[in-house]
Protein chains: 2
Amino acid sequence: MELLEYAKSVAQKVDSFIVSTIDGKPRELYEAALHYIRAGGKRLRPLMTVLAARMAGGYEDVAIPAAAAIEVLHTFTLIHDDIIDRDEFRRGVPTVHRLWGIDTAIVAGDVLYAYAYRCLLRAVDFGVEHSRIVKAVEYLTEGAIRVAEGQMLDMLFSRREVVSVDEYIEMVERKTSALFIAAVSMGAILGGGDERLISKLREAMRLAGIAFQIKDDILGLVGDEKTLGKPVLSDLREGKRTILVIYALQRLNDERRDRLLRVLGNSQASIEELRKAAEIIMSTGAVEYADKLAREYAERARHIIESIECRDPDAKSMLLELIDYLVKRRF
Amino acid sequence: MELLEYAKSVAQKVDSFIVSTIDGKPRELYEAALHYIRAGGKRLRPLMTVLAARMAGGYEDVAIPAAAAIEVLHTFTLIHDDIIDRDEFRRGVPTVHRLWGIDTAIVAGDVLYAYAYRCLLRAVDFGVEHSRIVKAVEYLTEGAIRVAEGQMLDMLFSRREVVSVDEYIEMVERKTSALFIAAVSMGAILGGGDERLISKLREAMRLAGIAFQIKDDILGLVGDEKTLGKPVLSDLREGKRTILVIYALQRLNDERRDRLLRVLGNSQASIEELRKAAEIIMSTGAVEYADKLAREYAERARHIIESIECRDPDAKSMLLELIDYLVKRRF
């Protein structure tokens, strides 16, 4: 089956699972909580969960609760991150805190957090052994802890001048890879996978997450706002130490470096100044460097996946294709 | 054993369990996350968990992971609620968002949320059956969902003029009772309890939670700031529809009602105006009404606990004493 077609069918199952699970009062809270889920999104993480479950020999349906859980957890992080980054748009719609205010956005994120667990627990209905569910809860929890650590590192880095590539990778392993890792770990454990398979999938998704984030950094600088559904250049305004910024700061002469630093993290910076800063970054070859780095990480991830012997070659080849997409996508 | 002495010994175990479980990088995040736990607190919910486990025939130690989990979840709600309520002090120390900023406070709450689950999952080490752990995770999740709903209702009520006593009770069942209910449910299931015991404990703690919140409302109006470790009268500034405000608004004449409404939710209100508003509320007999109501709810809770036949009469009598304390406490 085509990856795109399959992705759509999984997304449909996951969405209807989520919508049937997340329901309650007061209405405002649930409207805010479901806002991004209704606005669309690629549902990449649920797809990873389902493919991992299939590679472990499980049925697709057994992984839907975990697939929903990872998407819901991811959505909670988006709501809180958008508050922190003061972002105004996401998936082509105004951010939750812009529509409902910061207070409601905090609580909407909080309620989704718990619903991630509630989604996962419904795996009980699919006859999964309790010991495997407990393990899946551990994976979800590990992902949630690491993503919070990553978010904090990202914030701390924005306030620093110098961040090394190693520090960046460490941050991204938490901020981005952690949920990719949780996605496949949960899928594989619910699908009946053993430790060996799970550890290979985890390492592959650690690398794939880094590749994905580097690509995200690139799109945040040179992407198309309409296609992305969120503003470009806001990373610069927020002072984010993206891989591009790190690379550029290491290579610029003092004068151009100072010019860039004056714009980075300056919430008052004009569009003109942001564009100029982006040009300065691009002049160092940062985009080409980052693009190459992303492809290398993706290639290492693919290499690990290729080494897995599994009962479902179709699922394996779709996971390989998915990793390829992570670095080739345009939104 | 004396309740106070026992409470201290449980608190010690829970605290060292929490501190040994919650650890990681970056340091700032963990400092912020552990701030309120280090500042003290009564550890009422962990005590409920442990007593419920004992009443179910379990050992105290088997309930420590769940006792830690409920305290950690409670602490996360405090951090986020303090942001939302713009509170400046808690447990005699500056609030997390005042010390680290709102962004870090959001993430500190988020990381604690996940650690609540991680604490609970350590029940595996105590040899608890996986099916009981899954059930405990469900209880924790239910508590987290309902506490978010309660927080949202509390916020929505602050923007409304009229809130009925029934609506108030419904809000408090979520905002306050939900974690009491989760506390005993988790304790009882890990301690080996059956459905009948759990449902009695849950109903008792629903009532006890209402009693506790009404007492909290009273202390927020007439309590001593130093003893409480947090500011009094801030409920009025935030426009909270406490049981006292609801009662007073139903009984005041138009002129005094308008005077009260001008202060309620007015972030610019002076201390003098807040004091005057408090006097207006007290003039209606609201404190006496609330005190009586709290005692009635506590009495109903005690009645249910008394009806439980259990193997640990000592635990049962301590739980009865604890419920009594909820409405007699001065902080």
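Nothing here was measured: the structure is a model prediction, and the numbers come from that model.

Draft legend 1. The arrangement of the overall build of chain A in detail. Scanning chain A from terminus to terminus reveals 16 helices and two strands. A compact globule built from 331 residues would reach a C-alpha radius of gyration of about 20 Å, and chain A, at 20 Å, matches this within 12%. With the C-alpha coordinates of chain A rotated into their principal frame, the extents come out at 65 × 50 × 30 Å. Of all 331 residues assigned to chain A, the portion counted as buried reaches 54%. Summarising the internal contacts of chain A: among those between residues at least 6 apart in sequence, 77% fall at separations of at least 24.

Draft legend 2. Fine view of the environment of Gly209 of chain A. Residue position: Gly209 of chain A is located in helix H9 (residues 195-222). In this structure Gly209 of chain A touches Val172, Glu173, Thr176, Ser177 and Phe180 of chain A, once residues within four positions along its chain are discounted.

Draft legend 3. Spotlight on the relation of the copies chain A and chain B. Note on the identical chains: chain A maps onto chain B by a rotation of 180 degrees and an axial translation of 0.0 Å, with an RMSD of 0.0 Å. Expressed as a symmetry operation, the mapping of one chain copy onto the other fits a two-fold axis. In terms of proximity to the rotation axis, the leading residue of chain A is His130 of chain A, whose C-alpha is 2.7 Å off the axis.

Draft legend 4. Representation of the interface of chain A and chain B in the model. Contacts between chain A and chain B engage 37 residues on the former and 37 residues on the latter. Counting residues per element, the ones that place at least two in the side of chain A that touches chain B are helix H2 (27-38), helix H4 (64-85), helix H6 (102-121) and helix H7 (130-158) of chain A. Of all the elements, H7 of chain A adds the most residues to the side of chain A that touches chain B, at 16 residues. Across the side of chain A that touches chain B, the residue classes break down as 23 nonpolar, seven polar and seven charged.

Draft legend 5. Representation of helix H7 (residues 130-158) of chain B in the model. Across its 29 residues, H7 of chain B extends 42 Å between first and last C-alpha, which sits within 8% of the 42 Å expected from 1.5 Å per residue. The buried fraction of H7 of chain B amounts to 22 of the 29 residues, a majority that puts the element mostly inside the structure.

Draft legend 6. Just helix H8 (residues 165-190) of chain B, in detail. Residue and element names in this part refer to chain B. Relative to the 38 Å expected for 26 residues at 1.5 Å per residue, H8 spans 35 Å between its end C-alpha atoms, a close match to the ideal helical length. At Ser177, H8 shows its maximal bend, which comes to roughly 55 degrees. Summarising burial for H8: 21 of the 26 residues are buried, a large majority. Count one or two residues on from H8 and you reach Gly192, which has phi positive near 95 degrees.

Draft legend 7. Structural context of the confidence of the model for chain A. When pLDDT is averaged across chain A, the result is 96; 100% of the residues are at 70 or more. This complex was scored by the predictor with a pTM of 0.97 and an ipTM of 0.97.

Draft legend 8. Seen up close, unusual backbone geometry. Residues and elements named next belong to chain A. A cis amide bond links Lys25 with the next residue in sequence, Pro26, at an omega value of 0 degrees. Among the structural elements, Pro26 can be located in the loop between helix H1 (3-21) and H2. Positive phi values are uncommon outside glycine, yet Arg86 reaches one of about 55 degrees. Tracing the sequence through the fold places Arg86 in the loop between H4 and strand S1 (89-90). Taking the number of C-beta atoms within 10 Å as the measure of exposure, Arg86 has 15 and is therefore partly exposed.

Draft legend 9. Expanded view of the environment of Glu238 of chain B. Residues and elements named next belong to chain B. Structurally, the position occupied by Glu238 is in the loop between helix H11 (234-237) and helix H12 (243-251). Residue classification places Glu238 among the buried residues on the basis of 20 C-beta atoms within 10 Å. As a C-alpha pair, Glu238 and Asp85 span 153 residues in sequence and 6.7 Å in three-dimensional space. In this view, Glu238 contacts Asp85, Ser158 and Gly265; residues no more than four positions away in its chain are not counted.

Definitions and limits used
- Residues numbered from 1 in each chain as written.
- Chains lettered and ligands numbered in written order.
- Predicted model: local features only at pLDDT ≥ 70, side-chain atom pairs only at ≥ 80, totals over all residues.
- Helix = DSSP H or I, 4+ residues; strand = E, 2+ residues; numbered from the N terminus.
- Rg over C-alpha atoms; globule rule 2.2 N^0.38 Å.
- Buried ≥ 20, exposed ≤ 12 C-beta atoms within 10 Å, placed from the backbone.
- Contact = placed C-beta atoms within 7 Å.
- Least-squares fit on C-alpha atoms with pLDDT ≥ 70 in both.
- Nonpolar A, V, L, I, M, F, W, Y, C, P; charged D, E, K, R; others polar.
- Expected span 1.5 Å × (residues − 1).
- Bend = angle between axes of the 7 residues up to and from the residue.
- pLDDT = per-residue confidence, 0-100.

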